[in-house]
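Commentary on secondary and tertiary structure
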Amino acid sequence: MYVCKLRIHRPPTLPCTSQKMAAYLCRLHHIALHVRNVDKIADDLVAKFKFKLFAARLTGKSRQFAFRNGTAVFIVNERLNHPIPSLSVGVATRQGCPSPSIQGLSEICSHTSRTVDSNSANTECNFLYDVRPNYSVDTVCNVCFEVEDVERTFSALQNQGCDFLVPPTNVQDDRGIVSYSVVKSIVGNVCHTLIDKTKYQGTFLPGFNDVENVTKNGARFDDLASCPITHFDHITYACPRKSTPGVMRWYEKHFGFQRFLIDRDENLNEGYVLDQDGIGLRLTAMEYWKCSELGLKNTSKDKELDCKFVIAESLPEQGRNQVDSFLEQHEGAGIQHVGLYTQDIISTAQRLAQAGVHFFAPPPAYYTEVGKEQEMVDAGYDPKLLSQHGILLDTDLRQDASDSLCHYVPAENKRYLLQVFTKPIFAEETFFLELIERRGASGFGEGNIRALWRSVQAYMESQRESQEGHNSESATVQTGKR
Ligand SMILES: O=C(O)C(=O)Cc1ccc(O)cc1
């Protein structure tokens with residue numbers, strides 16, 4: 001097995017060459033979760049969401065596991081409350097993986113036994129490529145981007161007033177060198193690791209060991225039919241009221257993000273507003289182009305693969321809602337959900353449901369709305385199958401971004417968007433995942449947003465009711481009044 005001799009050092013910072021230059025983002029590298037117990041979430045990602053565990057880093061103070069499906073990579077970080085003495089010499093043993101709930105993890109811990117990072121027990125780098133968030137709940141709080149030049153990006157962003165949590169740092173093993181630094185964003189606990197891997201030949205990152213994917217019965221995960229998730233489609237932030245313009249400005253100024261109109265009639269200042277019938281939501285979307293300097297657009301093919309960012313803000317008139325509840329349970333703004341792109345949402349939802357993933361059920365009326373069934377048939381879908389899995393379908397009537405809405409669009413020219421939300425994956429009702437398939441549609445359809453919103457609201461209300469029922473029951477038991 002490959003033994004990594006890890007060296008971490010911080011090079012001197014270079015003077016900034018340009019005040020105006022923002023970070024030129026090459027691509028999204030991974031999204032990081034910070035959890036109290038990695039076993040449950042690893043179990044879910046592998047067994048239910050069909051991600052492959054492919055790399056691990058174990059130290060006396062932390063466990064970091066990397067999971068992949070297509071180009072979508074999650075790093076799940078777990079801080080160990082009690083450092084493991086046997087790891088202080090840098091050798092991960094089976095004891096280094098306390099009571100994992102899936103066999104895979106314990107296997108992995110033994111497979112990575114000649115690992116990693118002889119310095120880790122002595123460095124402040126508890127989480128390599130990340131920072132340790134001071135957070136009591138499980139959270140998804142780092143979106144890592146590849147950049148062309150970490151030093152230059154650091155200098156430029158620092159000159160623009162950005163707050164860095166980790167200065168440019170090099171991590172090296174015998175396969176090359178990776179530079180990174182971590183900048184705090186303007187959204188709650190979200191930060192961005194900016195990483196340059198161009199001088200690295202290894203499969204993932206120095207400090208991480210490749211993991212042999214082994215299942216309970218000894219089969220390799222690779223042998224299992226894969227679930228066709230290809231990439232991260234979008235990341236949605238839940239933000240406090242009136243914070244959207246500031247968030248937009250921050251990403252525009254520092255990362256060159258540009259506004260993406262969710263609806264052609266959307267007011268540039270207001271965003272896309274749904275403020276009636278119990279829905280109080282302001283949505284604003286942004287996108288960036290891979291490796292492009294500010295304002296330069298790449299081809300539409302490349303654009304399609306980029307991950308969008310959506311800001312969700314709740315509006316007060318319609319009462320307390322899912323964004324407020326996220327902010328409360330998450331103890332501040334942050335990442336509410338991540339959209340996983342699939343080329344076949346029906347088969348993916350089917351496989352995930354069979355594996356135990358729970359999806360939000362849209363309001364039953366959604367599938368019986370006048371014209372909905374026909375719309376689904378026209379799009380080539382079986383309405384029963386869509387409703388069975390709670391999948392929503394929206395038709396984008398825009399022929400082209402510059403076109404006006406067409407009253408008649410031939411079926412073969414229509415663009416469709418299909419989506420389904422999973423239930424929250426942490427103990428708190430905060431973060432969830434979404435499956436999304438785009439058949440030409442690049443935005444977020446209004447019909448889908450309404451139905452998604454309602455399905456989440458209905459679920460949260462039922463949870464609240466059952467919690468209240470439970471509380472009053474335990475109160476009666478305690479007081480003995482029955
Ligand atoms: O459609 C999507 O994926 C969105 O991101 C829109 C959205 C955002 C937040 C919600 O609570 C519900 C829907």
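Scope of this entry: the structure provided in the associated data block. All values derive from a computational prediction rather than experimental measurement. (Residues numbered from 1 in each chain as written. Predicted model: local features only at pLDDT ≥ 70, side-chain atom pairs only at ≥ 80, totals over all residues. Heavy atoms only, no water.)

Observations concerning the overall build of the chain
Helix and strand counts for the chain stand at eleven helices and 19 strands. Within the span of the chain, comprising 482 residues, buried residues form 55% of the whole. Long-range contacts, defined here as pairs at least 24 residues apart, represent 73% of the contacts in the chain between residues at least 6 apart. Of the roughly 21,000 Å² of accessible surface on the chain, 49% is carried by carbon and sulfur atoms. (Helix = DSSP H or I, 4+ residues; strand = E, 2+ residues; numbered from the N terminus. Buried < 20%, exposed > 50% of the residue type's maximum accessible area, 1.4 Å probe, protein only. Contact = heavy atoms within 4.5 Å. Areas by Shrake-Rupley, 256 points an atom, 1.4 Å probe, with all protein chains shown as cover.)

Digging into the pairing of strand β19 (residues 432–439)
In terms of residue burial, β19 counts as a mostly covered element, since seven of its eight residues are buried. Bridge analysis of strand β16 (residues 334–342) against β19 gives five bridges, and the strand direction is parallel. Paired with Val338 across the strands is Leu433, a residue of β19. As judged from the five bridges shared by strand β18 (residues 415–421) and β19, these two strands associate in the antiparallel manner. Opposite Val420, over in β19, you have Leu435 as the bridge partner. (Pairing = 2+ DSSP bridges.)

Examining the site of the ligand
Near the ligand you find 13 residues, and of these His234, Thr236, Gln322, Gln336 and Glu434 are the closest. In this structure, Thr236 approaches the ligand through a side-chain N or O atom, which is 2.9 Å from an oxygen atom. The side chain of Gln419 places a nitrogen or oxygen atom 3.0 Å from an oxygen atom of the ligand. For the ligand, whose accessible area on its own is 340 Å², the fraction buried by protein is 100%. Most atoms of the ligand, that is more than half of them, are within 2 Å of grid points of the largest cavity. (Near = heavy atom within 4 Å. Polar contact = N/O pair within 3.5 Å; in protein donor to acceptor, adjacent residues only side chain to side chain. 1 Å grid on protein atoms, 1.4 Å probe; cavity = no way out; pocket = protein on both sides within 12 Å on 5 of 7 lines; lining within 4 Å. Sits in = over half its atoms within 2 Å of the grid points.)

Things to note about helix α3 (residues 150–159)
Note on helix geometry: an α-helix contains 3.6 residues per turn, so any two residues three or four positions apart are oriented the same way. Of all ten residues in α3, seven are buried, a share of seventy percent or more. For α3, every residue scored as buried is listed here: Val150, Glu151, Thr153, Phe154, Ser155, Ala156 and Leu157. Contacts made by the buried residues of α3 are with β6 (139–147), β7 (164–173), β8 (176–184), β9 (191–196) and α4 (244–255). Backbone nitrogen of Glu151 and a side-chain oxygen of the N-cap are separated by 3.1 Å at the start of α3; the cap is Asp149. The positive-phi residue at the C-terminal boundary of α3 is Gly161, with phi of around 95 degrees.

Things to note about empty space enclosed by the protein
On inspection of all chains with the given rule, the structure shows five cavities of 30 Å³ or more. Of the voids in this model, the largest cavity is the one considered here, and its volume is about 220 Å³. In terms of lining residues, the largest cavity is bounded by 19 residues, among which Leu281, Leu283, His337, Phe421 and Ile449 are the most central. Listed by contribution, the elements that provide at least two residues to the lining of the largest cavity are β11 (229–239), β14 (279–287), β15 (308–314), α6 (322–329), β16, β18, β19 and α11 (446–479). Ranked by the residues each element gives to the lining of the largest cavity, the list is headed by α11, at three residues. (Points joined across faces, edges and corners; volume = space filled by probe spheres on them.)

Considering the pattern of salt bridges
With the rule as written, the count across this model stands at 17 salt bridges. For the salt bridge of Lys199 with Asp196, the shortest nitrogen-to-oxygen distance reads 3.7 Å. Two residues, Asp324 and Arg241, come together in a salt bridge whose shortest N-O distance is 3.3 Å. Of the two residues, Asp324 sits in helix α6 while Arg241 sits in the loop between β11 and α4, which places them 83 residues apart along the sequence. Using a relative accessible area of 17% as the deciding quantity, one classes Asp324 as buried. Shared partners join several salt bridges into a network, and the residues in it are Arg36, Asp138 and Glu428. (Salt bridge = Lys/Arg side-chain N within 4 Å of Asp/Glu carboxyl O.)

What about the pairing of strand β3 (residues 52–58)?
In terms of residue burial, β3 counts as a mostly covered element, since six of its seven residues are buried. Alignment of β3 against strand β4 (residues 62–69), held across six bridges, turns out to be antiparallel. The residue bridging Arg57 from the neighbouring strand is Gln64, located in β4. Sheet topology note: the β3/strand β10 (residues 209–210) ladder contains two bridges and is antiparallel. The residue bridging Ala56 from the neighbouring strand is Asn209, located in β10.

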